[in-house]
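Structural features, examined
What follows is each chain in one-letter form.
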Amino acid sequence: KSFGSECSSILSKLKKGVSEVKKSPDLLEQVPADAEAWRFLLRVSSEKASFAKQVWETSLILLPSSAWAASFSSLENKVKLNVCKAGPRDANLAAE
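Presented here is a report on the structure given in the accompanying data block.

**Focus on the packing of helix α1 (residues 3-23) against helix α2 (residues 35-47)**
In contact at an axis separation of 11 Å, α1 and α2 are set at 120° when each is read in the N-to-C sense. Classified by the interaxial angle, the pair formed by α1 and α2 is oblique. Relative to α2, the crossing made by α1 is left-handed. Facing Phe3, Cys7, Ile10, Leu11 and Leu14 of α1, the residues of α2 in contact are Phe40, Leu41, Arg43, Val44 and Glu47. In terms of residue class, the contact of α1 with α2 is built from 8 nonpolar, no polar and 2 charged.

**Some remarks on the environment of Phe40**
For Phe40, the location among the structural elements is in helix α2. Expressed as a C-alpha distance, the spacing of Phe40 and Ile10, which sit 30 residues apart in the sequence, is 9.7 Å. What Phe40 contacts, discounting residues up to four positions off in sequence, is Phe3, Cys7, Ile10, Leu11 and Leu14.

**Some remarks on the environment of Ser19**
Topologically, Ser19 is positioned in helix α1. Taking relative accessible area as the criterion, Ser19 reaches 31% and is therefore assigned partly exposed.

**Some remarks on the side chain of Gln54**
Take Gln54: it is sitting in helix α3 (residues 52-62). Residue classification places Gln54 among the buried positions, given a relative accessible area of 15%. Separated by 2.8 Å, the side chain of Gln54 and the backbone oxygen of Leu11 make a polar contact. If we skip the residues at most four places from it in the chain, Gln54 touches Leu11, Ser12 and Lys15.

**Concerning the pattern of salt bridges**
Scanning the model with the defined rule gives 3 salt bridges in all. For Arg43, the salt bridge goes to Glu47, with nearest N and O atoms at 3.0 Å. You can see Arg43 and its partner Glu47 sitting in helix α2, 4 residues apart, about one turn around the helix. Residue classification places Glu47 among the partly exposed residues on the basis of a relative accessible area of 46%.

**Some details on the nonpolar core**
Judged by nonpolar contacts, the single largest core of 18 residues is most densely connected at Trp38, Phe40, Leu41 and Val44. Looking at this core, the elements with two or more residues in it are α1, α2, α3 and α4 (66-73). Looking at which element gives the most residues to this core, the answer is α2, with 5 residues. Not counting residues within four places of it along the chain, the set of residues in contact with Trp38 comprises Ser59, Leu62, Leu63, Trp68, Ser71, Phe72 and Leu75.

About the cut-offs
- Residues numbered from 1 in each chain as written.
- Predicted model: local features only at pLDDT ≥ 70, side-chain atom pairs only at ≥ 80, totals over all residues.
- Heavy atoms only, no water.
- Axes fitted to C-alpha atoms, helices over the stretch in contact; angles between N-to-C directions.
- Helix = DSSP H or I, 4+ residues; strand = E, 2+ residues; numbered from the N terminus.
- Parallel < 35°, antiparallel > 145°, perpendicular 65-115°, else oblique.
- Left-handed = near helix turned anticlockwise from the far one by under 90°.
- Contact = heavy atoms within 4.5 Å.
- Nonpolar A, V, L, I, M, F, W, Y, C, P; charged D, E, K, R; others polar.
- Buried < 20%, exposed > 50% of the residue type's maximum accessible area, 1.4 Å probe, protein only.
- Polar contact = N/O pair within 3.5 Å; in protein donor to acceptor, adjacent residues only side chain to side chain.
- Salt bridge = Lys/Arg side-chain N within 4 Å of Asp/Glu carboxyl O.
- Core = buried A, V, L, I, M, F, W, Y, C linked by side-chain atoms within 4.5 Å.

Following this line, the structure appears as structure tokens:
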């Protein structure tokens, strides 16, 4: 299957996980920080603009964790997160 066809399914699973972490932030400490997860999110944000807001929301949940923040900071091409493309409706979310 192509990246585009798998993308929606994976993001749906991530959204469920993020929802659980919002309810119980301690759960995030049980999830190992993964540079590949960040690479996936960066790719989605750069190739699938319709999912950018979901990527930003997920990033806001992950980045407060020191392990996830360190994993993110080790990556190249962080600009692919594309917060600069946030429209007026999403500007507050992107600014966080």
